[in-house]
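# Topology and contacts: notes
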Amino acid sequence: MIRVVLPAHLRTLARIDGDVEIELEGPVTQRAILDAVEGRYPMLRGTIRDHVTLRRRPFVRFFACAQDLSHEAPDTPLPDAVAQGVEPFMIIGAMAGG
Amino acid sequence: MSGVRVLVGTRKGAFILTADGKREQWDVSGPHFAGWEMYHLKGSSVDPNRLYASQSSGWFGQTIQRSDDGGKTWEPVGNEFVYDGVPGTHQWYDGTQHPWEFARVWHLEPSLTDADTVYAGVEDAALFRSTDAGKTWQELSGLRRHPSGPSWQPGAGGMCLHTILLDPSNPDRIFIAISAAGAFRTDDGGQTWKPINHGLRSQGIPDEEAEVGHCVHRIAMHPERPNVLFMQKHWDIMRSDDAGDSWHEVSGNLPSDFGFPIAVHAHEPETVYVVPIKSDSEHFPPEGKLRVYRSRTGGNEWEALTHGLPQTDCYVNVLRDAMAVDSLDSCGIYFGTTGGQVYASADGGDTWSAIVRDLPSVLSVEVQTLP
């Protein structure tokens, strides 16, 4: 079971209480996780990555295992600890006010 | 008993203000979508319980929300705004070419005949339409593909399509306005468009009377007289009596003819309201006095409406989508400020009072007159 942590505003938008838990078949990558999350919560399409290019939105970051994985290629396998559900995959809204 | 529902979009959420027809006691609901920029909310005239809202965020982009119960509950609907074909480029602030990029929805305009059809004016300037209650959006790309498109340039707030006026007498006619390209009209349901800026004069562009390039801030019409348009341009109040084919200035005796919103009285097509702002760099009322100006002569002769509005040390702005009128027998006027006040007048502007004083900065105000 893979755990995905969403920013509070996206949890509110998708009416999610707590973390998202997903099962994946095949390699555990950013793309696979985001595809699964967006498949379950279609209202999140376009909020984390662009609808068309699927590029991460500039003020969104991906963290796991105390690393910033935002600039990893979307098909790069994520750390084993994420794949095994020991550590969450964290989708973060950048620390910025306004 | 009849009543009103005022839909307020702010920089940090939406608020819904309701009152009966007396408009004295108000119920305030919100913040809805707390923390998000709510550029605009508007209800369908076909089904007043059908509301559409533009919700956006610098972090998470654009979402459209829809309510089918007058704003009690909301559902996120479609947020995929993809330009038709290869979008091409427009002028950037420095005059170089810049790719067309979707940023946000500035304005939502529900159809006058079908509650499931709604138009969206977006930044970078384009017009989209949904015919399935906001689930999917298609660009009416004839506008953006106008030959002048590559010369369009953003205003200070972005290159936004902020005004959509549907002609009640002609379903094929739509007026739109873009900062800072100008006003356009279609007479074939959005397939082709023509600039309607003849008569506008704008200092600061190479040809002051150019076909496009004018920073139109807002256009208003009375629904029973759709060929008469009133415009608040960057500077100048303008009037057209021929559906935009030609314009003439009606700024008259205003203390400043810079401003953003403009509105027409619900029952008096020659009664027009503006909020003069000192200048394009000093976005606050002249002399620190918040004054709505009313013309009962279709322009040129304006009177200050001050009763109940702050007349000392007031330095707020009123944005282009932040003024609206109801259609009760005694026409109500509403506007919101960047200081978070929403003012209402139930007597056509003679007297004003604040419904709320301390909201986040107000981006938009719309009002529904309820049976």
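Please read all numbers here as calculations on a predicted model, not as lab measurements. (Residues numbered from 1 in each chain as written. Chains lettered and ligands numbered in written order. Predicted model: local features only at pLDDT ≥ 70, side-chain atom pairs only at ≥ 80, totals over all residues.)

## Focus on the overall build of chain A
Put simply, the rule is: Strands here are runs of E lasting at least two residues and helices are runs of H or I lasting at least four, both read from the DSSP assignment and numbered beginning at the N terminus. As a reference, a globule follows 2.2 Å times the number of residues to the power 0.38, and the radius of gyration itself is taken over C-alpha atoms.
From N to C terminus, chain A includes three helices and five strands. Taken from N to C terminus, the helices and strands of chain A fall in the order β-α-β-α-β-β-α-β. For 98 residues, the compact-globule formula gives about 13 Å, and the C-alpha radius of gyration of chain A, at 12 Å, lands near that figure. Considering only C-alpha atoms, chain A reaches an extent of 35 × 25 × 25 Å along its principal axes.

## Comments concerning the overall build of chain B
To keep things clear, this is the line we draw: Counting other C-beta atoms within 10 Å of each residue's C-beta, where C-beta atoms are placed from the backbone, gives the exposure class: buried for 20 or more, exposed for 12 or fewer, partly exposed between. Two residues form a contact once the distance between their C-beta atoms, set from the backbone, is within 7 Å.
Helix and strand content of chain B: zero helices and 30 strands. Against the globule reference of 21 Å for 371 residues, chain B gives a C-alpha radius of gyration of 19 Å, in line with a compact fold. Along the longest, intermediate and shortest principal axes, the C-alpha atoms of chain B span 50 × 45 × 40 Å. By residue count, 53% of the 371 residues in chain B fall in the buried class. Long-range pairs, those at least 24 residues apart, make up 49% of the contacts in chain B between residues at least 6 apart in sequence.

## Points about unusual backbone geometry
Peptide bonds are, in most cases, trans, and in most cases residues other than glycine have a negative phi. Residue and element names in this part refer to chain B. Omega for the peptide link from Gly 30 to Pro 31 comes to 0 degrees, which places this bond in the cis form. Counting through the fold element by element, Pro 31 comes out in strand β3 (residues 27–32). A cis geometry characterises the amide bond from Ser 179 onward to Ala 180, with omega recorded as 5 degrees. In this fold, Ala 180 is placed in the loop between β15 (174–179) and β16 (182–186).

## Quick look at the nonpolar core
One broad rule of soluble globular proteins: the nonpolar side chains tend to lie buried together. Spelled out, the test is: Among buried residues, those of type Ala, Val, Leu, Ile, Met, Phe, Trp, Tyr and Cys that are joined through C-beta atoms within 7 Å form a set called a nonpolar core.
Counting 107 residues, the largest nonpolar core has B:Val8, B:Ile176, B:Ile219, B:Met323, B:Tyr334, B:Val342 and B:Val365 as its most contacted members. Residue contacts for B:Met323: discarding those within four places in its chain leaves B:Pro261, B:Ala263, B:Tyr273, B:Val275, B:Val318, B:Tyr334, B:Phe335 and B:Val365.

## Here's the deal with the sheet that holds strand β25 (residues 303–305) of chain B
All names here are of chain B. Short version of the rule: Here, a strand pair is defined by DSSP locating no fewer than two bridges between the strands. Only the contacting stretch of a helix is used when fitting its axis, a line to C-alpha atoms as for every element, and angles between N-to-C directions run 0 to 180 degrees.
The strand order across the open sheet built from four strands is β22-β23-β24-β25, with neighbouring strands paired in antiparallel fashion. What marks the edges here is a single partner per strand, and that holds for β22 (262–264) and β25. For this sheet, the mean angle separating the axes of adjacent strands, direction not counted, is 30 degrees. As paired strands, strand β24 (residues 292–295) and β25 are joined by three bridges and run antiparallel to one another. By the bridge assignment for β25, Val 292 is matched with Leu 305.

## A short note on the interface of chain A and chain B
Rule in force here: Residue classes follow a fixed rule: Ala, Val, Leu, Ile, Met, Phe, Trp, Tyr, Cys and Pro count as nonpolar, while Asp, Glu, Lys and Arg count as charged, and any other residue, Gly among them, counts as polar.
Across the boundary between the two partners, chain A contributes 14 residues, which contact 12 residues of chain B. Here the side of chain A that touches chain B takes three residues from helix α1 (residues 8–14) of chain A, the largest share from any one element. Grouping the constituent residues of the side of chain A that touches chain B by class yields seven nonpolar, six polar and one charged.

## Some details on the sheet that holds strand β1 (residues 3–10) of chain B
All names here are of chain B. Strand order across the open sheet formed by four strands is β3-β2-β1-β30, with antiparallel pairing between neighbours. Each edge of the sheet is formed by a strand with only one pairing partner; in this case those strands are β3 and β30 (362–370). Between one strand axis and the next, the sheet turns by 15 degrees as a mean value, whatever way the strands run. Inspection of the sheet shows β1 paired to strand β2 (residues 13–20) by eight bridges, in the antiparallel sense. By the bridge assignment for β2, Thr 10 is matched with Gly 13.

## With respect to the environment of B:Val118
All names here are of chain B. Mapped onto the elements, Val 118 comes out in strand β11 (residues 118–123). Residue Val 118 is classed as buried on the basis of its 26 C-beta neighbours within 10 Å. Taking the C-alpha atoms as reference points, Val 118 and Gly 3, separated by 115 residues in sequence, lie 24 Å from one another.

## Focus on helix α2 (residues 30–40) of chain A
Of all the positions in α2(A), only A:Gln30, A:Ala32, A:Ile33, A:Leu34 and A:Val37 are classed as buried. Of the surrounding elements, those touching the buried residues of α2(A) are β1 (2–5), β2 (20–22), β3 (60–64) and β5 (89–93) of chain A.

## Examining the pairing of β30(B)
Regular strands show a simple pattern: their side chains alternate between the two faces of the sheet. All names here are of chain B. Burial of β30 is extensive: seven of the nine residues sit out of reach of the surface. Where β1 lies against β30, eight bridges are found, and the strand directions are antiparallel. Note on β30: the bridge partner recorded for Leu 7 is Glu 366.

## Some words on the pairing of β5(A)
Residues and elements named next belong to chain A. With burial as the criterion, only one face of β5 is covered, namely that bearing Phe 89, Ile 91 and Gly 93; the residues Met 90 and Ile 92 on the opposite face remain uncovered. With two bridges joining them, β1 and β5 adopt parallel strand pairing. Paired with Val 5 across the bridge in β5 is Met 90. Bridge count between β3 and β5: four bridges; the pairing is antiparallel. Each residue of the ladder has a partner; that of Phe 63, found in β5, is Met 90.

## A closer look at the confidence of the model for chain B
Rule in force here: Looking at any residue, its pLDDT shows the predictor's confidence there, from 0 to 100.
Put simply, chain B has an average pLDDT of 97, and 100% of its residues get 70 or more. With pTM at 0.97, the complex prediction returns an ipTM value of 0.94.

## Structural notes on the environment of A:Thr29
Checked against the element boundaries, A:Thr29 lands in the loop between β2 and α2. Overall, the presence of 19 C-beta atoms within 10 Å leaves A:Thr29 in the partly exposed class.

## Overview of the environment of B:Gln65
Here B:Gln65 lies in strand β6 (residues 61–67). Excluding its chain neighbours within four sequence positions, the residues that come into contact with B:Gln65 are B:Phe33, B:Ala53, B:Gln55, B:Trp74, B:Glu75 and B:Pro76.

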